[in-house]
Amino acid sequence: MASRLNPYISFPGTAREAMEFYHRVFGGSLSMSTFGEFGTDDPALADKIMHAMLQTDRGYTLMASDTAPGMEHNPGNNVAVSLSGDDADELRGYWEKLTDGGTVTMPMEKQMWGDEFGMCVDRFGTSWMVDIGQPQR
């Protein structure tokens, strides 16, 4: 998979509704996973969206989630730019450059879904998410 750049929107508990709306608007294929599917112990979070992805026939990709516990939801800064792919060297290079002079908000580490993932705010105030997946064979 080639690296790609797309928006990732955080919602205050309305990610499912919003993504179903975008699916109706843009068409394509929508996949959603809940916090419960990844083993949360909190019943209030079980049905909330941990990750959603809409991929359209026109090549658009939109990702979203409900705001995770411990994270703030502030309209206006609720969008992050997401870089993802399986070229680990390329993506780590982007990560290093983006964090230079910025703030790491979640260190780049192996996550429960198997990928390496980190979040940062660059020196210009832009929020970034970097996900390094396993190479597709």
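Residues numbered from 1 in each chain as written. Predicted model: local features only at pLDDT ≥ 70, side-chain atom pairs only at ≥ 80, totals over all residues. Heavy atoms only, no water.

1. Let's talk about the packing of aromatic side chains
Per the stated rule, a full pass over the model turns up 3 aromatic pairs. Ring geometry for Phe26 against Tyr60: centres 6.1 Å apart, planes inclined by 75°, an arrangement best described as edge-to-face. Placement of Phe26 in helix 1 (residues 15–26) and of Tyr60 in the loop between strand 3 (49–55) and strand 4 (61–66) is noted, with a sequence separation of 34 residues between them. (Phe/Tyr/Trp six-rings, centres within 6.5 Å; stacked < 30°, edge-to-face > 60°. Helix = DSSP H or I, 4+ residues; strand = E, 2+ residues; numbered from the N terminus.)

2. Observations concerning a nonpolar patch on the surface
The grouping of Phe21, Val25, Phe26 and Tyr60 at the surface amounts to a nonpolar patch, some 420 Å² of accessible area in total. Here Phe21 lies in helix 1. On the basis of relative accessibility, which here comes to 42%, the residue Phe21 falls in the partly exposed class. (Patch = residues over 30% accessible without salt bridge, like charges linked within 9 Å, V, L, I, M, F, W, Y side chains within 5 Å. Areas by Shrake-Rupley, 256 points an atom, 1.4 Å probe, with all protein chains shown as cover. Salt bridge = Lys/Arg side-chain N within 4 Å of Asp/Glu carboxyl O. Buried < 20%, exposed > 50% of the residue type's maximum accessible area, 1.4 Å probe, protein only.)

3. Digging into helix 1
With 12 residues, helix 1 ought to run about 16 Å at 1.5 Å a step, and its terminal C-alpha atoms sit 16 Å apart, in line with that. Burial in helix 1 covers these residues: Ala15, Ala18 and Met19. Considered in projection along helix 1, the buried side chains sweep an arc of 95° and stay on one side of the axis. Turned more than 90 degrees from where helix 1 packs its buried face, Glu17 and Arg24 sit exposed. Looking one or two residues beyond helix 1, the residue adopting positive phi is Gly27, at roughly 75°. (Expected span 1.5 Å × (residues − 1). Arc of directions from axis to C-beta.)

4. So, the sheet that holds strand 4
Ordered in space as 2-3-4-1-5-8-7-6, the 8 strands form an open sheet in which the pairing is mixed. The two strands at the open ends of the sheet, each matched to only one other strand, are strand 2 (29–34) and strand 6 (103–110). Averaged over all pairs of adjacent strands, the angle between strand axes in this sheet comes to 20°, irrespective of strand direction. The pairing of strand 5 (residues 79–85) with strand 8 (residues 127–132) spans 5 bridges and is parallel. By the bridge assignment for strand 8, Ser84 is matched with Asp131. (Pairing = 2+ DSSP bridges. Axes fitted to C-alpha atoms, helices over the stretch in contact; angles between N-to-C directions.)

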